[in-house]
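Survey of secondary and tertiary structure
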Amino acid sequence: MKIGERYRGVLGWFEENMALAETELSYNDPFQLIVAVILSAQCTDKRVNLITPVLFERFPDAGSMAGATQEEIFGLIKSCSYPNNKAKHLKGMAEMIVTRFNGIVPSTREELTELPGVGRKTANVIASVVWNSPVIAVDTHVFRVARRLGLTPGAKTPLDVELRLTREIPEDVRPRAHHWLLLHGRYICTARNPKCNTCGLKQLCAWYASHDGK
DNA sequence: ATCCCGAGGG
DNA sequence: CCCTCTGGAT
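Let us look at the structure shown here. (Residues numbered from 1 in each chain as written. Chains lettered and ligands numbered in written order. Predicted model: local features only at pLDDT ≥ 70, side-chain atom pairs only at ≥ 80, totals over all residues. Heavy atoms only, no water.)

1. Description of the pattern of salt bridges
Taken as a whole and judged by the stated rule, the model has 7 salt bridges. In this structure, Glu114 engages Arg100 in a salt bridge whose closest nitrogen and oxygen atoms are separated by 2.7 Å. Of this pair, Glu114 sits in helix α7 (residues 109-114) while Arg100 sits in helix α6 (residues 83-100), and the two are 14 residues apart along the sequence. Glu114 gets classed as partly exposed once you look at its relative accessible area, which sits at 36%. Judged by its relative accessible area of 51%, Arg100 is exposed. Of the charged contacts in the structure, one is a salt bridge between Glu168 and Arg164, with a shortest N-O distance of 2.6 Å. Here Glu168 pairs with Arg164, and both are found in helix α10 (residues 158-168), just 4 residues apart, close to one helical turn. Overall, the relative accessible area of 22% leaves Glu168 in the partly exposed class. A cluster of three or more residues bridged by salt bridges with shared partners is formed by Arg109, Arg120 and Glu162. (Salt bridge = Lys/Arg side-chain N within 4 Å of Asp/Glu carboxyl O. Helix = DSSP H or I, 4+ residues; strand = E, 2+ residues; numbered from the N terminus. Buried < 20%, exposed > 50% of the residue type's maximum accessible area, 1.4 Å probe, protein only.)

The following block contains the structure:
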């Protein structure tokens, strides 16, 4: 089967089955989305959503968060992973938005990546979700799903997967494709005990074939 | 024990 | 490339 045909089957199945999404990161604006994505590293969205309402009530924007102490932020996010790193990143990120970008979240991926705590993946999430840009943010889920389905043969790093998917998925469906790959990884193609029995992509899945239905 | 929408530093 | 950070859920 050619890779192009495989994509059509994959995206078609997602279109029909991934319509109802649950447990999305909650936020009110681009700044809060950056905060939520930074907090989500090695942490479930559910837990992030438990924390952000309090955090955003106290520090709703870059200006207020830049004025917070690292200890104040730490106290509000400590139930997430890496609270020390994240508190430092959040404060530094907010400070740079204020001092360098005039209080406005920058509008290019290059500038976003200059913010402390914002790497390629986080910048891609902002671009995809906020700007609806045709980029694929490759997180642990997208990385796993793409490799299991055999969508990116030979790709060894998240960047490999991103470049490969970007090259092969048509631009107009890329934002949706990113979303579907993410949800599929979270709810069906899970890292442990993937739910292959309810997965409509079995016949297209290289991993399923090599694991003999288990 | 293993994994969750990673980034920074060595 | 590797390592560290580091809490909660399964």
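Here the narrative resumes, following the displayed structure.
2. Some words on the protein's contact with DNA strand C
Not every one of the 13 residues close to DNA strand C is listed here, only the nearest: Gln42, Ser81, Tyr82, Asn84 and Asn85. Within the contact set of DNA strand C, a base nitrogen lies 3.0 Å away from a backbone nitrogen or oxygen of Gln42. Here the residues of the surface near DNA strand C sort into 4 nonpolar, 6 polar and 3 charged. (Near = heavy atom within 4 Å. Polar contact = N/O pair within 3.5 Å; in protein donor to acceptor, adjacent residues only side chain to side chain. Nonpolar A, V, L, I, M, F, W, Y, C, P; charged D, E, K, R; others polar.)

3. What to know about the side chain of Asp45
Of note, Asp45 is situated in helix α3 (residues 45-58). Separated by 2.8 Å, the side chains of Asp45 and Arg186 make a polar contact.

4. A closer look at α10
Buried within α10 we find Val161, Glu162 and Leu165. Each buried residue of α10 sits inside an arc of 100 degrees when the element is viewed along its axis, so together they form one side. (Arc of directions from axis to C-beta.)

5. Examining the protein's contact with DNA strand B
Close to DNA strand B lie 25 residues, the nearest being Thr122, His141, Arg144, Arg186 and Arg192. When the atoms of DNA strand B within 4 Å of the protein are grouped by moiety, sugar and phosphate amount to 66% of the total. Within the backbone of Gly119, a nitrogen or oxygen atom sits 3.0 Å from a phosphate oxygen of DNA strand B. Between a phosphate oxygen of DNA strand B and a side-chain N or O atom of Arg144, the distance comes to 2.7 Å. Contributing elements (two or more residues each) for the surface near DNA strand B: α8 (120-129), α9 (140-149) and α11 (174-187). Residue classes in the surface near DNA strand B are distributed as 9 nonpolar, 9 polar and 7 charged.

6. Overview of a nonpolar patch on the surface
Together, Tyr27, Val129, Val130 and Trp131 make up a nonpolar patch on the protein surface, roughly 300 Å² of accessible area in all. Tracing the backbone through its elements, the reader meets Tyr27 in the loop between α1 (3-17) and α2 (30-39). (Patch = residues over 30% accessible without salt bridge, like charges linked within 9 Å, V, L, I, M, F, W, Y side chains within 5 Å. Areas by Shrake-Rupley, 256 points an atom, 1.4 Å probe, with all protein chains shown as cover.)

7. Points about the packing of aromatic side chains
Summed over all chains, the structure comprises 0 aromatic pairs. In this arrangement the basic side chain of Arg148 is found over the ring face of Trp207, its NZ or CZ atom lying 4.4 Å from the centre. (Phe/Tyr/Trp six-rings, centres within 6.5 Å; stacked < 30°, edge-to-face > 60°. Lys NZ or Arg CZ within 6 Å of the ring centre and 35° of its normal.)

8. A few points about empty space enclosed by the protein
Here the idea is plain: a probe the size of a water molecule rolls over the atoms and shows the empty space left. Tallying each qualifying case throughout the model produces 1 cavity of 30 Å³ or more. If you add up the space inside the largest cavity, you get close to 100 Å³. Residue lining of the largest cavity: 14 residues in total, with His184, Cys189, Cys196, Cys199 and Cys205 positioned closest to the centre. Only α9 and α12 (206-210) provide two or more residues apiece to the lining of the largest cavity. Taken together, the residues that form the lining of the largest cavity break down as 10 nonpolar, 1 polar and 3 charged. (1 Å grid on protein atoms, 1.4 Å probe; cavity = no way out; pocket = protein on both sides within 12 Å on 5 of 7 lines; lining within 4 Å. Points joined across faces, edges and corners; volume = space filled by probe spheres on them.)

9. Description of unusual backbone geometry
Unusually for a residue other than glycine, Gln42 sits at a positive phi of about 50 degrees. Within the secondary structure layout, Gln42 lies in the loop between α2 and α3. What makes Gln42 exposed here is its relative accessible area of 58%. One non-glycine residue, Asn132, lies in positive phi territory at about 55 degrees. Tracing the backbone shows Asn132 in the loop between α8 and α9. For Asn132, a relative accessible area of 53% puts it in the exposed group.

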